[in-house]
Amino acid sequence: MARPTTSSMATARAKPAARRNVLPGRLSPGMACDTAFRIIARRHLDAVLAQHDGTCHGDPEALHQIRIALTHLRTAIRFFSPMVDDALRPNVWAELKWLNSQLGMVRDLDVAIERVIAESGGELDVIAELQHWDEKRAESHRLLARALQSARYRRLVEQTSAWIESGPWSTRRSKEAIRLRRCPLADHATAQLTEWETTLLRKARKLRKLDAGKRHKLRLLNKRLTYSIESLEDLFADESLTKQKSILKQLRKAQKSLGQLNDDARGQTLAASLNEAVPEAGIRFLNRKRQKKLLRTASNAYRKLDKAKPFRSSDLAPNAEPDD
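Computed from a prediction, not measured in an experiment: that's the story for all the values here. (Residues numbered from 1 in each chain as written. Predicted model: local features only at pLDDT ≥ 70, side-chain atom pairs only at ≥ 80, totals over all residues. Heavy atoms only, no water.)

Describing the overall build of the protein chain
Let me state the cut-off plainly: Only runs of H or I of at least four residues qualify as helices and only runs of E of at least two qualify as strands under DSSP, and these elements are numbered from the N terminus. For every residue, the accessible area obtained with a 1.4 Å probe (protein chains only) is divided by the maximum for its type, and the residue is called buried under 20%, exposed over 50%, and partly exposed between those limits. Only heavy atoms matter for contacts: two residues are in contact if any of them lie within 4.5 Å across the pair.
Within the protein chain, the regular secondary structure consists of 12 helices and 0 strands. Listing every helix and strand of the protein chain by position from the N terminus yields α-α-α-α-α-α-α-α-α-α-α-α. Relative to its full complement of 324 residues, the protein chain shows a buried share of 49%. Within the protein chain, contacts between residues separated by at least 24 positions form 80% of all contacts whose residues are at least 6 apart in sequence.

Concerning the packing of helix H2 (residues 33-50) against helix H7 (residues 151-166)
When two helices pack together, their arrangement is given by the angle between their axes and by how far apart the axes lie. Note the following rule: For every element, the axis is a line fit to its C-alpha atoms; helices are fit only across the contacting stretch, and the angle between N-to-C directions ranges from 0 to 180 degrees. Oblique is the label for every angle not falling under 35 degrees (roughly parallel), over 145 degrees (roughly antiparallel), or within 65 to 115 degrees (roughly perpendicular). Take the far helix as your reference; a near helix turned counterclockwise from it by less than a right angle gives a left-handed crossing, and one turned clockwise gives a right-handed crossing. When residues are sorted by character, Ala, Val, Leu, Ile, Met, Phe, Trp, Tyr, Cys and Pro go into the nonpolar class, Asp, Glu, Lys and Arg into the charged class, and all the rest, Gly among them, into the polar class.
Running from N to C, H2 and H7 cross one another at 165°; their axes reach a closest spacing of 10 Å. Classified by the angle their axes make, H2 and H7 are roughly antiparallel. With respect to the hand of their crossing, H2 and H7 are arranged in left-handed fashion. Contacts from Phe 37, Arg 38, Ala 41, Arg 42, Leu 45, Val 48 and Leu 49 of H2 reach H7 at Tyr 153, Val 157, Ser 161, Trp 163, Ile 164 and Glu 165. For the contact of H2 with H7, a count of residues per class yields 9 nonpolar, 1 polar and 3 charged.

Some thoughts on the side chain of Arg 74
The line we're drawing: The sign given to each residue is positive for Lys and Arg and negative for Asp and Glu; His and the chain ends receive no count. The term salt bridge refers to a side-chain nitrogen of Lys or Arg lying within 4 Å of a carboxyl oxygen of Asp or Glu.
Mapped onto the secondary structure, Arg 74 falls in helix H4 (residues 60-79). Buried within the structure, Arg 74 lacks any salt-bridge partner; Glu 95 is the closest side chain of opposite charge, at an N-O distance of 11 Å. Sequence-distant contacts of Arg 74, that is, excluding residues within four places in its chain, are made with Trp 93, Leu 96, Lys 97 and Asn 100.

Shown next, in the form of structure tokens:
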């Protein structure tokens, strides 16, 4: 019989808390917000767990997918604030942020290495440079694998799962807490999507004047809105799918351009740590022409988004049967 690996044993121990509630398989517009939050959060926590072993074994795609799932989960927590803002939320959030930071370093290196390879053309000096990048990546991955197999990671999964299922947010008896939990999903979603889209477009108008740090914050707002719309896919009626896809198309265009700009900034920072072994390694991440093109693409996407009609409650599957 094959001996279980440390990674698989860690995954087996890091199981979500027992689920006391049987939930519907899909979202519906009349569904209460507490039920909707559990459905969405479960989906994304399960997606994190599904990529655990692949990430531990060094699969770059698994690492990319686990980060996406984790960002979806964190976005869901933001989306259903203040309903879920209880005494345990800050600790849950801090641990999810810790996990994201562990994943982020290796992912940044993967992206930087892809960039170096794409521009190498087989030159010997670049091949030598790649050895230094690979060494840095290998060391970062060792630290990541250790984190994913740690007691802290197992506690994170168990505590986050228990909090989603039955955290203090779910039992508070104040009139406001009860109102937030019982609020129909379509009503909350419409208000939240409208608020986030308005904020995003207001900040995007100054895109060309933003420094790298503020562009990164704009990118996070963009990602938050994109992931929320994706998580609510069940709600869009057939006649609203065209509108949803059109909005997502522009958001994803902007997201891709802002992501590449952020990757360049991160690449410069990472390359600085190689300067002793590889002088001027950061030069390949400085390209003014590329930066202007990416900013232009993002700006055009936001202009088109600004002209689109905002979401209305009638977009969210108005003819679907609400849950009892």
